[in-house]
2 protein chains.
Amino acid sequence: MSENTLQLTKSENQKAKPASDQVPFGTTFTDHMFVMDYEEGQGWHNPQIVPYGPLELDPAAMVFHYGQSVFEGLKAYRTADDRILLFRPDKNLQRLNLSSDRLSIPPIDEEEVMAYLQQLVSLEQDWVPSTPGTSLYIRPFIISTEPNLAVGPSRKYKFMVILSPVGSYFAGGLKPVIIHVEDQFTRAVKGGTGMAKTAGNYSAGYQAQASAKKKGNADVLWLDGIEKKYIEEVGSMNIFFKIDGEVVTPELNGSILKGVTRMSIIELLRSWDIPVTERRVAIDELHRLYEEGKVEEIFGTGTAAVISPVGELNWMGRKMVINNHEIGELSQRLYDTVTGIQTGKLEDPFGWVVEVK
Amino acid sequence: MSENTLQLTKSENQKAKPASDQVPFGTTFTDHMFVMDYEEGQGWHNPQIVPYGPLELDPAAMVFHYGQSVFEGLKAYRTADDRILLFRPDKNLQRLNLSSDRLSIPPIDEEEVMAYLQQLVSLEQDWVPSTPGTSLYIRPFIISTEPNLAVGPSRKYKFMVILSPVGSYFAGGLKPVIIHVEDQFTRAVKGGTGMAKTAGNYSAGYQAQASAKKKGNADVLWLDGIEKKYIEEVGSMNIFFKIDGEVVTPELNGSILKGVTRMSIIELLRSWDIPVTERRVAIDELHRLYEEGKVEEIFGTGTAAVISPVGELNWMGRKMVINNHEIGELSQRLYDTVTGIQTGKLEDPFGWVVEVK
Ligand SMILES: Cc1ncc(COP(=O)(O)O)c(C=O)c1O
Ligand SMILES: Cc1ncc(COP(=O)(O)O)c(C=O)c1O
């Protein structure tokens, strides 16, 4: 179908590339972006790579009013021998379709989009930075564009991919963070949108995050919306506990995002014969185990930081200091291994990385 | 402050005005719109009335990614003697600020915006239709516009008001609807965003609504997200029950929208000495009362339809037929009274209507 042949319009100017370890996350974009349209009856069509630039949307475009909007986040890494690697991009496109389904957005063809995404990254390969810890952040997203105030699924959408060079999350090495266990606000609940990466899930967390930050915390750890008892995840990370030699992480219960890093960590631990269990973890159980001196390490997992050690948890006035605010041995080993695979420094026995040609 | 003086740029062309009872809801817009900008450090500034037309936004504008977006809905009505009336617009602007607060969006000045809104409606007064049941729908909304992929509140916003002439919700008089009681999906939960009019709340309901429609229902009645037991509200309406001579509506519990129609109906009933109680209503309690023959009327309340009689509720395979699928006496009386006040046909003893000069 000629309708589905990628059209390329090159940018006339090339922006200056910033020193990637000095840019604030998500504020600098590359020269081009990918755009594809959907219209009811026609499906996804007109895939294009065009110069990065503003969108024109009717003020009645449904995304502004009813929030049909989903997104993904993944990264491209430069290897020492100047190849460009993506980390499990198929998992992100799968999850995008899962998110879309939850908001009644039509699915994309994952294979087709994978090819477009690689063409975009390939075109922009000079934007993939090389300093250790840096990468090119890839943001695919879909928005509803039909101008219509009637509540209901849009009949028009735009799928886009934009790229942003990002610095090291932890300049100067891993640094344990302080996290507030949220006991008032709710991020997600069974039957809601928690397992999907929908735009609305994120701003819903701002009030809780702001009040946690005021008290010196970096982010919040969400509890389940029903009993405020079971641990779910952090703002943009899944969470793991090393307890008495075993690793435990909350099971996917319908309100937790299925992190790509989370699934990779589980596979990695299993390959190392370290016991790892996905189960419900109650905050009071964790606190009891903490008091018994059994909580050895806590770490968050996500595309942004890969592994983010937790040095302290604050829950209803009770403070749990983990591993004396120091990076745990397992956290460091996991970080080194995953980033090693992502950047081609280590062999990839799992088939996780995909090279961009 | 000259920065806050309304600038008016008139449209060069005037669109043809449609026969208002033939337009689908929310698809036709007037010649002008109101726009005002926010920037951190500067506050809300640059209020403008400009020709209705597309917005230019960076693809990284935060509204697309993290869903900071709130809105309101109210109507302007034409009286028989050609005056234009708004119904309790102050309540909508109050609620807009409440919604904004929930998503960490800076508040607007309600009085200032009320004046702008009236100027816009006044300019577009020829767009307010006169056929009975028709009106000019007013949609104020706020979106975050800063181009930034870091999760957190935007430092830039746009507040806009667009206007759309709308036909009669019930051409040919009130018509009872069939409603599915949703027992799987969740709209909102304590600690979430249910009491706010956020964009994300609406698309989160599409899957449930689609499956209810497939089974012949017009919409869903949401239950609480924790026990799936207590009745909350319909898609875009609050809900009332007339049981054994008394009126009951779910109490505002933090996950239900505080409807302007809801509060007006409660005040009206009290002025008529009809007992009305705001309390928790369990779906199984309702079903028991139904089996005892005590459920006399059920109706939804909202700006769109004012009163929408419910003829049938379907809950886990059990069907409750209300008042033989006919309009209840109280539903009709409430509808006639509220629409009478809204259109100036009846006296307004409550000070609800505001005339646009
Ligand atoms: C809510 C939430 N949980 C968890 C994650 C971690 O997922 P991943 O490992 O795929 O980045 C993210 C970030 O993507 C997130 O936004
Ligand atoms: C979720 C929801 N509940 C209730 C209502 C009714 O509110 P109002 O009477 O202010 O229109 C609306 C519509 O505005 C709504 O969207």
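Residues numbered from 1 in each chain as written. Chains lettered and ligands numbered in written order. Predicted model: local features only at pLDDT ≥ 70, side-chain atom pairs only at ≥ 80, totals over all residues. Heavy atoms only, no water.

- Named according to an unreviewed UniProt entry, chain A is Branched-chain-amino-acid aminotransferase originating from Planococcus lenghuensis.
- Recorded under Cofactor (unreviewed entry), the UniProt text for chain A is reproduced unchanged: "pyridoxal 5'-phosphate". (UniProt positions renumbered as here; feature names shortened; annotations may be inferred.)

What about the interface of chain B and chain A?
And then number 1: Tallying the contact residues gives 57 residues for chain B and 57 residues for chain A.
And then number 2: Carbon and sulfur atoms make up 60% of the area that chain B and chain A hide from each other, which totals about 4700 Å².
And then number 3: If you look at where chain B meets chain A, you find zero salt bridges.
And then number 4: Taken together, the residues that form the side of chain B that touches chain A break down as 31 nonpolar, 20 polar and six charged.
And then number 5: Of the strand pairs in this sheet, strand 4 (residues 55–57) of chain A and strand 4 (residues 55–57) of chain B are connected by three bridges, and their pairing is antiparallel. In the strand pairing of strand 4 of chain B, Leu57 of chain A is matched with Leu55 of chain B. (Contact = heavy atoms within 4.5 Å. Buried area = accessible area lost by both parts, 1.4 Å probe. Salt bridge = Lys/Arg side-chain N within 4 Å of Asp/Glu carboxyl O. Nonpolar A, V, L, I, M, F, W, Y, C, P; charged D, E, K, R; others polar. Pairing = 2+ DSSP bridges. Helix = DSSP H or I, 4+ residues; strand = E, 2+ residues; numbered from the N terminus.)

Section: the pattern of salt bridges
And then number 1: The tally for this structure, following the rule as stated, stands at 32 salt bridges over all chains.
And then number 2: The salt bridge involving Arg78 of chain A is made with Asp82 of chain A; its shortest N-O contact spans 3.1 Å.
And then number 3: Arg78 of chain A gets classed as buried once you look at its relative accessible area, which sits at 17%.
And then number 4: The residue Glu146 of chain B makes a salt bridge to Arg155 of chain B at a minimum N-O spacing of 2.6 Å. (Buried < 20%, exposed > 50% of the residue type's maximum accessible area, 1.4 Å probe, protein only.)

Considerations on the environment of Tyr137 of chain A
And then number 1: Mapped onto the secondary structure, Tyr137 of chain A falls in strand 8 (residues 135–144).
And then number 2: On a C-alpha basis, the gap between Tyr137 of chain A and Gly26 of chain A in space is 8.0 Å, while along the polypeptide they are 111 residues apart.
And then number 3: When neighbours within four sequence positions are excluded, Tyr137 of chain A is seen to be in contact with Phe25, Glu72, Gly73, Leu74, Lys75, Ile162, Leu163, Ser164 and Val166 of chain A together with Leu149 of chain B.
And then number 4: Reaching out from Tyr137 of chain A, the side chain makes a polar contact with the side chain of Arg139 of chain A at a distance of 2.7 Å. (Polar contact = N/O pair within 3.5 Å; in protein donor to acceptor, adjacent residues only side chain to side chain.)

Some details on the domain arrangement of chain A
By convention, interface size is frequently given as the accessible area that disappears when the constituent parts associate.
Residues and elements named next belong to chain A.
And then number 1: Under the domain assignment, chain A is made up of domain 1 (7–166) and domain 2 (177–342).
And then number 2: A C-alpha centroid distance of 27 Å is found between domain 1 and domain 2.
And then number 3: At the interface, 18 residues of domain 1 touch 21 residues of domain 2.
And then number 4: With both sides pooled, the region where domain 1 packs onto domain 2 buries about 1700 Å², and carbon together with sulfur makes up 61% of that total.
And then number 5: The largest per-residue losses of area from domain 1 upon contact with domain 2 belong to Phe87, Arg95 and Arg102, which jointly make up 35% of the total buried on that side.
And then number 6: Applying the counting rule to domain 1 against domain 2 returns one salt bridge.
And then number 7: Measuring nitrogen to oxygen at the nearest pair gives 3.3 Å for the salt bridge that ties Glu267 to Arg88.
And then number 8: Our count for the domain 1 to domain 2 interface comes out at 11 residue pairs in polar contact (both at pLDDT 80 or more). (Domains from an automatic or database assignment.)

Thoughts on the site of ligand 1
Residue and element names in this part refer to chain A.
And then number 1: Within the structure, ligand 1 sits among 16 residues, and Tyr202, Glu233, Val260, Thr261 and Thr303 are positioned closest to it.
And then number 2: Within the side chain of Arg95, a nitrogen or oxygen atom sits 2.9 Å from an oxygen atom of ligand 1.
And then number 3: Within the contact set of ligand 1, an oxygen atom lies 2.6 Å away from a side-chain nitrogen or oxygen of Thr261.
And then number 4: Relative to its free-state accessible area of 380 Å², ligand 1 is covered by the protein chains to the extent of 96%.
And then number 5: Those elements that place two or more of their residues in the shell around ligand 1 are helix 6 (260–271) and strand 16 (295–302).
And then number 6: Looking at the shell around ligand 1 residue by residue, the classes come out as four nonpolar, eight polar and four charged. (Near = heavy atom within 4 Å. Areas by Shrake-Rupley, 256 points an atom, 1.4 Å probe, with all protein chains shown as cover.)

Here we look at empty space enclosed by the protein
And then number 1: Counted under the stated rule, the structure contains eight cavities of 30 Å³ or more.
And then number 2: Contributing to the lining of the largest cavity are 27 residues, with Thr193 and Asn201 of chain A together with Arg187, Thr193 and Asn201 of chain B lying nearest its centre.
And then number 3: Those elements that place two or more of their residues in the lining of the largest cavity are helix 4 (199–203) of chain A together with helix 4 (199–203) of chain B.
And then number 4: A per-class count over the lining of the largest cavity returns eight nonpolar, 17 polar and two charged. (1 Å grid on protein atoms, 1.4 Å probe; cavity = no way out; pocket = protein on both sides within 12 Å on 5 of 7 lines; lining within 4 Å. Points joined across faces, edges and corners; volume = space filled by probe spheres on them.)

A short note on the relation of the copies chain B and chain A
And then number 1: For the pair chain B and chain A, the superposition axis carries a translation of 0.0 Å, the fit reaches an RMSD of 0.0 Å, and the rotation angle comes to 180 degrees. Accordingly, the operation relating the two chain copies is best matched by a two-fold axis.
And then number 2: Both copies contact each other with a shared surface, as 100% of the interface residues of chain B are interface residues in chain A too. (Least-squares fit on C-alpha atoms with pLDDT ≥ 70 in both.)

With respect to the packing of aromatic side chains
And then number 1: All chains considered together, the criterion is met by 29 aromatic pairs over all chains.
And then number 2: Here the aromatic rings of Tyr66 of chain A and Tyr202 of chain B are separated by 5.8 Å at their centres, their planes lie at 55 degrees, and the arrangement is tilted. Highlighted residues: Tyr66 of chain A in helix 1 (residues 62–66) and Tyr202 of chain B in helix 4, drawn from two different chains. Side by side, Tyr66 of chain A and Tyr202 of chain B carry an identical accessibility label, which is buried.
And then number 3: Aromatic pair Phe240 of chain B and Phe299 of chain B: ring centres 5.2 Å apart, planes at 5 degrees, arrangement stacked. One end of the pair, Phe240 of chain B, is in strand 13 (residues 238–243); the other, Phe299 of chain B, is in strand 16 (residues 295–302), and 59 residues separate them in sequence. The exposure classification of Phe240 of chain B matches that of Phe299 of chain B, with both residues buried.
And then number 4: Site record: aromatic cluster; members linked through ring pairs are Phe34, Tyr38, Trp44, Tyr116, Tyr157 and Phe159 of chain A.
And then number 5: If you follow Arg333 of chain A out to its NZ or CZ, it ends over the ring of Trp272 of chain A, 3.6 Å from the centre. (Phe/Tyr/Trp six-rings, centres within 6.5 Å; stacked < 30°, edge-to-face > 60°. Lys NZ or Arg CZ within 6 Å of the ring centre and 35° of its normal.)

With respect to the site of ligand 2
Residue and element names in this part refer to chain B.
And then number 1: Close to ligand 2 lie 16 residues; Tyr202, Glu233, Val260, Thr261 and Thr303 are nearest.
And then number 2: Between ligand 2 and Arg95 there is a distance of 2.9 Å, counted from an oxygen atom to a side-chain nitrogen or oxygen.
And then number 3: Side-chain polar atom of Thr261 to an oxygen atom of ligand 2: 2.6 Å apart, as the coordinates give it.
And then number 4: Alone, ligand 2 offers 380 Å² of accessible surface; in the complex the protein occludes 96% of this.
And then number 5: When contributions to the shell around ligand 2 are tallied by element, the ones reaching two or more residues are helix 6 (260–271) and strand 16.
And then number 6: Grouping the amino acids of the shell around ligand 2 by side-chain chemistry returns four nonpolar, eight polar and four charged.

A word on the environment of Met195 of chain B
Residue and element names in this part refer to chain B.
And then number 1: The residue Met195 is located in the loop between strand 10 (177–181) and helix 4 in this model.
And then number 2: A C-alpha to C-alpha distance of 37 Å links Met195 and Asp81, two positions 114 residues apart in sequence.
And then number 3: With near-sequence residues (within four places) excluded, Met195 lies in contact with Leu98, Arg102, Gly254, Ser255, Ile256 and Leu257.

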